[in-house]
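Summary of the model geometry
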Amino acid sequence: MKIGIEKISFHVPHLYVDMHDLAISRNEDPGKYKIGIGQDEMAVAPLTQDPVSLAANAALNIVTDEDREKIDFVMFATETGIDQSKAAAVYVHRLVGIKKEARSIELKHACYSGTASLQLAKGHIALNPDSKVLIVASDIARYGLNTPGEVTQGAGAVAMIVSSDPKVLELEDESTFVTKDIMDFWRPNYSEYAYVDGKFSNEMYIELFNDVWGQYKEKTGGTLDDFKALCFHLPYTKMGLKALRTILDEADESTKERLLENYTKSTLYSRRVGNVYSASLYLSLVSLLENADLEENGKLGLFSYGSGAVGEFFTARLVPGYKKHLLPETHDKLFNARKQISVPEYEAIFVQSLPKDGSTLELDVEEDPNKVCLAGIKEHQRQYVIK
Ligand code: CAA
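Each value, and the rule that gives it
Residue positions are given per chain, counted from 1 along the sequence in the order it is written. Reporting in this predicted model follows two pLDDT cut-offs: at least 70 for local features of residues, and 80 or more for side-chain atom pairs to be given and counted; totals over whole chains, interfaces and linings ignore these cut-offs and use all residues. Hydrogens are left out, water is left out, and the side-chain values use all remaining heavy atoms of the structure. For each domain, the first and last residues come from an automatic or database assignment. Contacts are assigned to residue pairs with any non-hydrogen atoms lying within 4.5 Å of each other. Summed over both partners, buried area is the accessible surface (1.4 Å probe) that two parts give up on being assembled. The working definition used for a salt bridge is a side-chain nitrogen of Lys or Arg within 4 Å of a carboxyl oxygen of Asp or Glu. Here a helix means four or more residues in a row that DSSP labels H or I, a strand means two or more in a row labelled E, and each is numbered from the N terminus. Helices are assigned an expected span. That span is 1.5 Å times one less than the residue count. For the exposure calls, accessible area comes from a 1.4 Å probe over protein chains only, and a residue counts as buried if that area is under 20% of its type's maximum, exposed if over 50%, partly exposed in between. The directions from the helix axis to the C-beta atoms are what the arc is built from. Put simply, a nonpolar core is a bunch of buried Ala, Val, Leu, Ile, Met, Phe, Trp, Tyr and Cys residues held in one set by side-chain atoms that sit within 4.5 Å of each other. Only strands that DSSP links by at least two bridges are regarded as paired with each other. Proximity is defined per residue: if any heavy atom of the residue lies within 4 Å of a molecule or strand, that residue is considered near it. Polar contacts, as counted here, are pairs of nitrogen or oxygen atoms within 3.5 Å of one another; within protein the pair requires one atom able to donate a hydrogen and one able to accept it, and residues that are adjacent in sequence qualify only if both atoms are side-chain atoms. Each accessible area is a Shrake-Rupley result for a 1.4 Å probe, and residues are judged covered by the shown protein chains and nothing else. When residues are grouped by polarity, Ala, Val, Leu, Ile, Met, Phe, Trp, Tyr, Cys and Pro land in nonpolar, Asp, Glu, Lys and Arg in charged, and all others, Gly among them, in polar. Each axis is a line fitted through C-alpha atoms, and for a helix only the stretch in contact is used; angles between axes span 0 to 180 degrees, taken between their N-to-C directions.

Moving on to the domain arrangement of the chain. Splitting the chain by domain gives domain 1 (4-168 + 326-386) and domain 2 (170-320). Each partner contributes residues to the interface: domain 1 has 57 residues there, and domain 2 has 46 residues. When domain 1 packs against domain 2, close to 4,300 Å² is buried across both sides, 57% of that on carbon and sulfur atoms. Linking domain 1 with domain 2 are 5 salt bridges.

Here it is in C-alpha coordinates:
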(Lines give C-alpha, C1' and ligand atoms only; values in the text may rest on other atoms or scores of the structure.)
Protein backbone atom coordinates (compact mmCIF):
# COMPACT_ATOMS: atom_id res chain seq x y z
CA MET A 1 0.00 0.00 0.00
CA LYS A 2 1.17 3.53 -0.76
CA ILE A 3 1.04 6.01 2.12
CA GLY A 4 2.01 9.67 2.02
CA ILE A 5 1.09 13.30 1.61
CA GLU A 6 -2.06 13.82 -0.41
CA LYS A 7 -2.20 17.61 0.03
CA ILE A 8 0.02 20.22 1.67
CA SER A 9 -0.30 23.97 2.26
CA PHE A 10 0.78 26.66 4.72
CA HIS A 11 -0.38 29.89 6.29
CA VAL A 12 1.63 32.83 7.64
CA PRO A 13 0.53 36.01 9.42
CA HIS A 14 -0.22 39.09 7.31
CA LEU A 15 2.57 41.21 8.80
CA TYR A 16 6.33 41.08 8.29
CA VAL A 17 9.52 43.01 8.99
CA ASP A 18 12.28 43.41 6.42
CA MET A 19 15.60 42.07 7.72
CA HIS A 20 17.49 45.02 6.27
CA ASP A 21 15.46 47.31 8.56
CA LEU A 22 15.95 45.00 11.56
CA ALA A 23 19.71 44.80 10.97
CA ILE A 24 20.05 48.59 10.78
CA SER A 25 18.09 49.10 13.98
CA ARG A 26 20.22 46.45 15.78
CA ASN A 27 23.48 48.07 14.55
CA GLU A 28 24.35 45.02 12.47
CA ASP A 29 25.50 44.83 8.85
CA PRO A 30 22.43 43.76 6.79
CA GLY A 31 24.77 41.23 5.10
CA LYS A 32 24.93 39.31 8.37
CA TYR A 33 21.16 38.82 8.47
CA LYS A 34 20.57 38.37 4.73
CA ILE A 35 23.66 36.33 3.80
CA GLY A 36 25.27 35.14 7.05
CA ILE A 37 21.95 33.97 8.54
CA GLY A 38 20.07 33.85 5.24
CA GLN A 39 16.81 35.59 6.14
CA ASP A 40 15.12 38.36 4.12
CA GLU A 41 11.85 38.87 5.98
CA MET A 42 10.38 37.81 9.30
CA ALA A 43 6.69 37.02 9.80
CA VAL A 44 5.13 38.81 12.77
CA ALA A 45 2.01 37.45 14.47
CA PRO A 46 -0.31 40.04 16.06
CA LEU A 47 -2.36 38.97 19.11
CA THR A 48 -5.25 38.02 16.78
CA GLN A 49 -3.12 35.19 15.32
CA ASP A 50 -1.97 32.41 17.63
CA PRO A 51 -0.74 28.88 16.84
CA VAL A 52 -4.34 27.58 16.71
CA SER A 53 -5.66 30.23 14.29
CA LEU A 54 -2.58 29.90 12.07
CA ALA A 55 -3.06 26.13 11.95
CA ALA A 56 -6.79 26.39 11.20
CA ASN A 57 -6.11 28.91 8.43
CA ALA A 58 -3.54 26.53 6.89
CA ALA A 59 -5.89 23.54 7.13
CA LEU A 60 -8.78 25.43 5.53
CA ASN A 61 -6.64 25.80 2.38
CA ILE A 62 -6.76 22.05 1.76
CA VAL A 63 -9.60 20.33 3.63
CA THR A 64 -12.68 19.62 1.47
CA ASP A 65 -16.01 18.02 2.41
CA GLU A 66 -14.78 14.78 0.89
CA ASP A 67 -11.76 14.89 3.23
CA ARG A 68 -14.02 15.71 6.21
CA GLU A 69 -15.84 12.42 5.70
CA LYS A 70 -12.59 10.46 5.98
CA ILE A 71 -10.42 12.36 8.46
CA ASP A 72 -10.55 10.47 11.75
CA PHE A 73 -7.35 11.79 13.31
CA VAL A 74 -6.18 15.36 13.85
CA MET A 75 -2.56 15.77 14.99
CA PHE A 76 -1.32 19.19 16.10
CA ALA A 77 2.48 19.51 16.25
CA THR A 78 3.72 22.50 18.22
CA GLU A 79 6.22 23.69 20.80
CA THR A 80 4.34 26.95 21.42
CA GLY A 81 1.06 25.41 22.53
CA ILE A 82 -1.57 27.54 24.24
CA ASP A 83 -2.57 25.21 27.07
CA GLN A 84 -0.82 22.72 29.35
CA SER A 85 -3.78 20.36 29.23
CA LYS A 86 -6.28 20.85 26.42
CA ALA A 87 -4.94 19.74 23.04
CA ALA A 88 -4.76 22.51 20.43
CA ALA A 89 -5.93 19.87 17.93
CA VAL A 90 -9.41 19.99 19.48
CA TYR A 91 -9.84 23.66 18.56
CA VAL A 92 -8.66 22.95 15.02
CA HIS A 93 -11.01 19.96 14.82
CA ARG A 94 -13.96 22.34 15.42
CA LEU A 95 -12.69 25.32 13.40
CA VAL A 96 -12.06 23.13 10.34
CA GLY A 97 -15.32 21.16 10.72
CA ILE A 98 -13.90 17.66 11.17
CA LYS A 99 -16.46 14.94 12.01
CA LYS A 100 -16.87 14.02 15.68
CA GLU A 101 -15.72 10.42 15.15
CA ALA A 102 -12.06 11.43 15.24
CA ARG A 103 -9.08 11.43 17.58
CA SER A 104 -7.46 14.83 18.23
CA ILE A 105 -4.08 15.10 19.92
CA GLU A 106 -1.22 17.57 20.38
CA LEU A 107 2.40 16.46 20.00
CA LYS A 108 5.50 18.14 21.35
CA HIS A 109 9.14 17.63 20.70
CA ALA A 110 10.64 21.01 19.82
CA CYS A 111 10.84 21.24 16.00
CA TYR A 112 10.63 17.47 15.54
CA SER A 113 6.93 16.96 16.34
CA GLY A 114 5.76 17.55 12.74
CA THR A 115 7.86 14.57 11.70
CA ALA A 116 6.71 12.52 14.70
CA SER A 117 3.14 13.24 13.53
CA LEU A 118 3.90 12.18 9.98
CA GLN A 119 5.37 8.86 11.10
CA LEU A 120 2.44 8.21 13.45
CA ALA A 121 0.01 9.09 10.67
CA LYS A 122 1.76 6.58 8.41
CA GLY A 123 1.15 3.86 11.01
CA HIS A 124 -2.49 4.90 11.42
CA ILE A 125 -3.12 4.76 7.68
CA ALA A 126 -1.39 1.37 7.42
CA LEU A 127 -3.98 0.04 9.89
CA ASN A 128 -6.89 2.09 8.52
CA PRO A 129 -6.34 2.51 4.76
CA ASP A 130 -9.73 4.15 4.15
CA SER A 131 -9.19 6.96 6.61
CA LYS A 132 -7.17 10.18 6.37
CA VAL A 133 -5.10 12.08 8.92
CA LEU A 134 -4.98 15.87 9.17
CA ILE A 135 -1.61 17.07 10.47
CA VAL A 136 -1.08 20.70 11.40
CA ALA A 137 2.32 21.94 12.53
CA SER A 138 2.17 25.48 13.88
CA ASP A 139 4.48 27.71 15.90
CA ILE A 140 5.40 31.27 16.79
CA ALA A 141 9.16 31.51 17.41
CA ARG A 142 10.13 34.14 19.99
CA TYR A 143 13.61 34.75 21.41
CA GLY A 144 13.14 38.33 22.59
CA LEU A 145 13.97 41.80 21.30
CA ASN A 146 17.68 42.57 20.84
CA THR A 147 18.80 38.96 21.34
CA PRO A 148 21.06 36.96 18.95
CA GLY A 149 18.09 34.67 18.24
CA GLU A 150 15.80 37.57 17.25
CA VAL A 151 16.84 37.35 13.59
CA THR A 152 15.66 33.72 13.57
CA GLN A 153 12.11 34.37 14.84
CA GLY A 154 9.06 33.71 12.67
CA ALA A 155 5.46 32.49 12.70
CA GLY A 156 3.35 30.16 10.60
CA ALA A 157 1.72 26.79 10.11
CA VAL A 158 1.77 23.93 7.62
CA ALA A 159 -1.19 21.60 7.08
CA MET A 160 -0.99 18.17 5.43
CA ILE A 161 -3.44 15.41 4.67
CA VAL A 162 -1.89 11.95 4.91
CA SER A 163 -3.68 9.07 3.21
CA SER A 164 -3.34 5.87 1.21
CA ASP A 165 -3.85 8.00 -1.93
CA PRO A 166 -0.73 10.19 -1.79
CA LYS A 167 -0.97 12.64 -4.67
CA VAL A 168 2.16 14.62 -3.77
CA LEU A 169 4.71 12.52 -1.90
CA GLU A 170 4.86 8.82 -1.14
CA LEU A 171 6.67 8.08 2.11
CA GLU A 172 9.25 5.31 1.90
CA ASP A 173 10.10 2.99 4.78
CA GLU A 174 13.73 4.03 4.98
CA SER A 175 14.18 6.09 8.11
CA THR A 176 16.99 6.57 10.64
CA PHE A 177 16.82 8.44 13.92
CA VAL A 178 18.76 9.40 17.02
CA THR A 179 18.03 10.80 20.50
CA LYS A 180 20.59 12.69 22.60
CA ASP A 181 19.80 14.41 25.91
CA ILE A 182 21.32 17.90 25.51
CA MET A 183 20.43 21.48 26.48
CA ASP A 184 20.84 23.37 23.21
CA PHE A 185 17.40 25.01 23.16
CA TRP A 186 14.52 24.72 25.60
CA ARG A 187 11.69 26.76 27.14
CA PRO A 188 10.81 26.14 30.79
CA ASN A 189 7.12 26.43 31.67
CA TYR A 190 7.66 29.79 33.39
CA SER A 191 9.34 31.44 30.43
CA GLU A 192 7.81 33.35 27.49
CA TYR A 193 11.01 32.97 25.53
CA ALA A 194 13.22 30.08 24.52
CA TYR A 195 16.61 29.65 26.16
CA VAL A 196 19.24 28.79 23.62
CA ASP A 197 22.93 28.03 23.42
CA GLY A 198 23.19 29.23 19.83
CA LYS A 199 26.60 27.91 18.78
CA PHE A 200 26.06 24.58 20.57
CA SER A 201 22.65 24.19 18.89
CA ASN A 202 24.30 24.65 15.48
CA GLU A 203 26.93 22.02 16.33
CA MET A 204 24.32 19.55 17.58
CA TYR A 205 22.15 20.03 14.49
CA ILE A 206 25.12 19.07 12.32
CA GLU A 207 26.26 16.23 14.60
CA LEU A 208 22.81 14.63 14.60
CA PHE A 209 22.48 15.12 10.84
CA ASN A 210 25.81 13.35 10.29
CA ASP A 211 24.72 10.58 12.66
CA VAL A 212 21.43 9.81 10.87
CA TRP A 213 22.95 10.23 7.40
CA GLY A 214 25.71 7.76 8.42
CA GLN A 215 23.12 5.33 9.76
CA TYR A 216 21.12 5.67 6.54
CA LYS A 217 24.11 4.82 4.34
CA GLU A 218 25.02 1.84 6.48
CA LYS A 219 21.47 0.52 6.63
CA THR A 220 20.52 0.97 2.97
CA GLY A 221 23.76 1.29 0.99
CA GLY A 222 22.29 4.48 -0.48
CA THR A 223 24.38 7.42 -1.69
CA LEU A 224 23.83 11.12 -2.31
CA ASP A 225 23.56 10.46 -6.05
CA ASP A 226 20.23 8.68 -5.42
CA PHE A 227 18.58 11.95 -4.37
CA LYS A 228 17.01 14.65 -6.50
CA ALA A 229 16.97 16.95 -3.47
CA LEU A 230 17.55 17.06 0.27
CA CYS A 231 15.22 19.08 2.45
CA PHE A 232 16.17 20.36 5.90
CA HIS A 233 14.61 21.72 9.05
CA LEU A 234 15.39 25.41 8.62
CA PRO A 235 15.73 27.41 11.85
CA TYR A 236 17.35 29.90 9.44
CA THR A 237 18.21 29.16 5.85
CA LYS A 238 22.01 29.05 6.31
CA MET A 239 21.68 26.20 8.85
CA GLY A 240 20.64 23.48 6.40
CA LEU A 241 23.37 24.61 4.00
CA LYS A 242 26.00 24.23 6.72
CA ALA A 243 24.81 20.65 7.29
CA LEU A 244 24.57 19.83 3.57
CA ARG A 245 28.11 21.07 2.96
CA THR A 246 29.50 18.54 5.45
CA ILE A 247 28.54 15.65 3.15
CA LEU A 248 28.68 17.19 -0.34
CA ASP A 249 32.16 15.81 -1.06
CA GLU A 250 30.57 12.35 -1.19
CA ALA A 251 28.78 13.34 -4.42
CA ASP A 252 29.91 13.76 -8.03
CA GLU A 253 29.91 17.26 -9.55
CA SER A 254 26.48 17.06 -11.18
CA THR A 255 24.85 15.76 -7.97
CA LYS A 256 26.54 18.51 -5.97
CA GLU A 257 25.22 21.13 -8.35
CA ARG A 258 21.71 19.65 -8.31
CA LEU A 259 21.54 19.37 -4.52
CA LEU A 260 22.80 22.94 -4.01
CA GLU A 261 20.42 24.36 -6.61
CA ASN A 262 17.44 22.53 -5.11
CA TYR A 263 18.53 23.46 -1.60
CA THR A 264 18.24 27.13 -2.60
CA LYS A 265 14.72 26.50 -3.95
CA SER A 266 13.74 24.80 -0.69
CA THR A 267 14.71 27.92 1.26
CA LEU A 268 12.74 30.53 -0.72
CA TYR A 269 9.66 30.54 1.52
CA SER A 270 11.58 30.25 4.81
CA ARG A 271 13.66 33.28 3.79
CA ARG A 272 10.41 35.27 3.81
CA VAL A 273 8.92 33.79 6.99
CA GLY A 274 11.64 32.81 9.47
CA ASN A 275 11.65 29.86 11.82
CA VAL A 276 8.30 28.12 12.23
CA TYR A 277 9.79 25.41 14.46
CA SER A 278 7.69 22.22 14.01
CA ALA A 279 6.46 23.41 10.59
CA SER A 280 9.86 24.48 9.32
CA LEU A 281 10.95 21.31 7.49
CA TYR A 282 7.54 21.17 5.82
CA LEU A 283 7.63 24.82 4.76
CA SER A 284 10.95 24.04 3.06
CA LEU A 285 9.36 20.98 1.43
CA VAL A 286 6.51 23.09 -0.03
CA SER A 287 9.04 25.67 -1.21
CA LEU A 288 11.06 22.95 -2.95
CA LEU A 289 8.04 21.31 -4.58
CA GLU A 290 6.55 24.58 -5.80
CA ASN A 291 9.77 26.21 -7.03
CA ALA A 292 12.00 23.41 -8.30
CA ASP A 293 11.58 21.33 -11.41
CA LEU A 294 11.84 17.82 -9.99
CA GLU A 295 11.33 14.61 -11.92
CA GLU A 296 8.25 12.55 -11.12
CA ASN A 297 9.21 9.46 -9.07
CA GLY A 298 12.33 11.37 -7.98
CA LYS A 299 13.67 10.52 -4.52
CA LEU A 300 13.85 13.15 -1.76
CA GLY A 301 15.68 12.99 1.58
CA LEU A 302 14.30 14.93 4.55
CA PHE A 303 16.19 15.84 7.72
CA SER A 304 14.17 16.71 10.79
CA TYR A 305 15.80 18.16 13.91
CA GLY A 306 14.19 18.93 17.25
CA SER A 307 16.38 20.45 19.94
CA GLY A 308 16.83 18.57 23.12
CA ALA A 309 17.38 16.55 20.84
CA VAL A 310 16.05 14.15 18.21
CA GLY A 311 17.19 13.90 14.59
CA GLU A 312 15.59 11.84 11.84
CA PHE A 313 16.42 11.26 8.18
CA PHE A 314 13.68 9.76 6.01
CA THR A 315 12.99 9.41 2.32
CA ALA A 316 10.04 9.88 -0.01
CA ARG A 317 9.19 9.75 -3.72
CA LEU A 318 7.45 12.33 -5.85
CA VAL A 319 4.15 11.01 -7.14
CA PRO A 320 3.58 11.36 -10.93
CA GLY A 321 1.44 14.48 -11.52
CA TYR A 322 2.33 15.93 -8.07
CA LYS A 323 2.57 19.50 -9.43
CA LYS A 324 -1.20 19.53 -10.13
CA HIS A 325 -1.91 19.00 -6.43
CA LEU A 326 0.14 21.92 -5.09
CA LEU A 327 -1.18 25.42 -4.36
CA PRO A 328 1.47 27.89 -5.59
CA GLU A 329 -1.10 30.56 -6.51
CA THR A 330 -2.66 30.44 -3.02
CA HIS A 331 0.77 30.86 -1.44
CA ASP A 332 1.81 33.58 -3.85
CA LYS A 333 -1.38 35.49 -3.05
CA LEU A 334 -0.73 35.05 0.68
CA PHE A 335 2.79 36.50 0.38
CA ASN A 336 1.67 39.35 -1.88
CA ALA A 337 -1.14 40.39 0.46
CA ARG A 338 1.19 40.76 3.45
CA LYS A 339 1.91 44.19 4.91
CA GLN A 340 5.43 45.33 5.72
CA ILE A 341 5.72 46.96 9.13
CA SER A 342 8.51 49.07 10.60
CA VAL A 343 10.78 47.87 13.41
CA PRO A 344 9.02 50.11 16.01
CA GLU A 345 5.66 48.69 14.88
CA TYR A 346 7.02 45.13 15.22
CA GLU A 347 8.41 45.92 18.68
CA ALA A 348 5.05 47.34 19.78
CA ILE A 349 3.30 44.13 18.67
CA PHE A 350 5.99 41.93 20.21
CA VAL A 351 5.51 43.27 23.74
CA GLN A 352 1.72 42.88 23.68
CA SER A 353 0.40 39.84 25.49
CA LEU A 354 -2.88 38.22 26.46
CA PRO A 355 -3.99 38.74 30.07
CA LYS A 356 -2.58 36.20 32.52
CA ASP A 357 -4.86 37.06 35.43
CA GLY A 358 -8.20 35.88 34.06
CA SER A 359 -9.38 39.30 32.93
CA THR A 360 -11.40 39.67 29.75
CA LEU A 361 -9.88 41.02 26.56
CA GLU A 362 -11.67 41.73 23.30
CA LEU A 363 -9.43 42.00 20.26
CA ASP A 364 -10.22 43.99 17.13
CA VAL A 365 -10.45 41.31 14.45
CA GLU A 366 -11.57 43.83 11.81
CA GLU A 367 -7.91 44.78 11.35
CA ASP A 368 -6.97 41.15 10.72
CA PRO A 369 -7.67 39.86 7.18
CA ASN A 370 -7.33 36.17 8.08
CA LYS A 371 -10.33 33.83 7.99
CA VAL A 372 -9.79 32.42 11.48
CA CYS A 373 -8.78 34.88 14.19
CA LEU A 374 -8.41 34.97 17.94
CA ALA A 375 -11.13 37.40 19.04
CA GLY A 376 -10.18 37.61 22.69
CA ILE A 377 -10.08 35.83 26.00
CA LYS A 378 -12.96 35.43 28.44
CA GLU A 379 -13.10 33.40 31.65
CA HIS A 380 -9.64 31.98 30.85
CA GLN A 381 -10.90 30.69 27.49
CA ARG A 382 -9.63 31.72 24.07
CA GLN A 383 -12.41 32.91 21.78
CA TYR A 384 -11.95 32.15 18.08
CA VAL A 385 -13.99 33.50 15.17
CA ILE A 386 -14.35 32.25 11.62
CA LYS A 387 -15.06 35.20 9.35
N1 CAA B 1 28.01 39.55 5.76
C2 CAA B 1 27.83 38.22 5.55
N3 CAA B 1 27.89 37.30 6.56
C4 CAA B 1 28.13 37.75 7.81
C5 CAA B 1 28.34 39.13 8.08
C6 CAA B 1 28.26 40.05 6.98
N7 CAA B 1 28.43 41.34 7.16
N8 CAA B 1 28.54 39.25 9.40
C9 CAA B 1 28.49 38.01 9.95
N10 CAA B 1 28.24 37.11 8.99
C11 CAA B 1 28.05 35.66 9.13
C12 CAA B 1 29.00 35.00 10.11
O13 CAA B 1 30.27 34.76 9.50
C14 CAA B 1 28.24 33.72 10.42
O15 CAA B 1 28.37 32.82 9.35
P16 CAA B 1 28.74 31.27 9.64
O17 CAA B 1 27.71 30.78 10.61
O18 CAA B 1 28.65 30.62 8.30
O19 CAA B 1 30.10 31.27 10.24
C20 CAA B 1 26.77 34.18 10.39
O21 CAA B 1 26.76 35.45 9.71
C22 CAA B 1 26.14 34.35 11.76
O23 CAA B 1 26.99 35.16 12.51
P24 CAA B 1 27.25 34.84 14.05
O25 CAA B 1 27.59 33.39 14.23
O26 CAA B 1 28.18 35.86 14.58
O27 CAA B 1 25.78 35.09 14.60
P28 CAA B 1 25.27 35.19 16.07
O29 CAA B 1 26.31 34.76 17.05
O30 CAA B 1 24.70 36.54 16.26
O31 CAA B 1 24.07 34.11 16.17
C32 CAA B 1 22.77 32.17 15.88
C33 CAA B 1 23.66 33.20 15.19
C34 CAA B 1 23.59 31.34 16.84
C35 CAA B 1 22.17 31.24 14.81
C36 CAA B 1 21.62 32.90 16.63
O37 CAA B 1 20.82 33.59 15.74
C38 CAA B 1 20.74 31.96 17.45
O39 CAA B 1 21.05 31.63 18.59
N40 CAA B 1 19.57 31.51 16.86
C41 CAA B 1 18.64 30.61 17.53
C42 CAA B 1 19.14 29.18 17.63
C43 CAA B 1 19.10 28.43 16.33
O44 CAA B 1 18.40 28.76 15.41
N45 CAA B 1 19.88 27.32 16.28
C46 CAA B 1 19.89 26.47 15.10
C47 CAA B 1 20.10 25.02 15.44
S48 CAA B 1 18.89 24.50 16.67
C49 CAA B 1 17.49 24.13 15.78
O50 CAA B 1 17.53 23.94 14.59
C51 CAA B 1 16.18 24.05 16.51
C52 CAA B 1 15.45 25.32 16.33
O53 CAA B 1 14.67 25.47 15.40
C54 CAA B 1 15.69 26.40 17.28
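With 15 residues, helix α6 (residues 113-127) should reach 21 Å at 1.5 Å per residue; the first-to-last C-alpha distance of 21 Å fits that figure. Every buried residue of α6 is listed here: Ser 113, Gly 114, Thr 115, Ala 116, Ser 117, Leu 118, Ala 121, Lys 122, His 124 and Ile 125.

Here we take up helix α12 (residues 328-336). Listing the buried residues of α12 in full gives His 331, Leu 334 and Phe 335. Angular distribution of buried residues about the axis of α12 spans 95°; they occupy a single face of the element. Facing away from the buried side of α12 by more than 90 degrees, the exposed set consists of Glu 329, Lys 333 and Asn 336. Buried residues along α12 sit against β1 (4-11), α10 (268-273) and α11 (280-291).

Further remarks concern the nonpolar core. Of all hydrophobic cores here, the largest spans 82 residues; its most connected members are Leu 285 and Leu 300. Counting residues domain by domain, this core receives three or more from each of domain 1 (4-168 + 326-386) and domain 2 (170-320). Leaving out residues up to four positions away in the same chain, Leu 300 has contacts with Leu 169, Phe 227, Lys 228, Ala 229, Leu 285, Leu 288, Leu 289, Leu 294, Phe 314, Thr 315, Ala 316 and Leu 318. Counting residues in each nonpolar core, the second largest holds 44 residues, with Val 212, Trp 213, Leu 241 and Tyr 263 among its members.

A few words on the pairing of strand β13 (residues 310-318). Of all 9 residues that make up β13, 8 are buried, and the element is covered over most of its length. Here strand β8 (residues 169-179) runs beside β13; their pairing, made up of 8 bridges, is antiparallel. Across the sheet, the residue bridging to Val 178 is Gly 311, located in β13. Summarising the sheet, strand β12 (residues 299-306) and β13 pair through 8 bridges and their orientation is antiparallel. Its bridge partner lying in β13, Gly 301 is registered against Thr 315. Adjacent in sequence and paired antiparallel, β12 and β13 are bridged by 3 residues, among which Gly 308 carries a positive phi angle near 120°.

Let's shift gears to the site of the ligand. Around the ligand sit 26 residues in total, of which Lys 32, Pro 148, Lys 199, Lys 238 and Lys 242 are the nearest. In this structure, a nitrogen atom belonging to the ligand sits 2.8 Å away from a side-chain N or O atom of Ser 201. With respect to the ligand, the side chain of His 233 contributes an N or O atom lying 2.9 Å from an oxygen atom. Contact with the protein chains covers 73% of the free accessible surface of the ligand, which is 1,100 Å². Of all elements in the fold, only α2 (30-37), α7 (198-220) and α8 (237-245) reach the threshold of two or more residues within the shell around the ligand. In terms of residue count, α7 provides more of the shell around the ligand than any other element does, 5 residues in total. Its residues placed into classes, the shell around the ligand shows 11 nonpolar, 10 polar and 5 charged. Each of domain 1 (4-168 + 326-386) and domain 2 (170-320) contributes no fewer than three residues to the shell around the ligand.

One open sheet holds the 9 strands; their spatial order is β5-β4-β6-β7-β1-β8-β13-β12-β11, and the pairing between them is mixed. Strands at the two margins of the open sheet, each flanked by one partner only, are β5 (103-107) and β11 (229-232). Sheet twist, expressed as the mean angle between neighbouring strand axes with direction ignored, is 25°.

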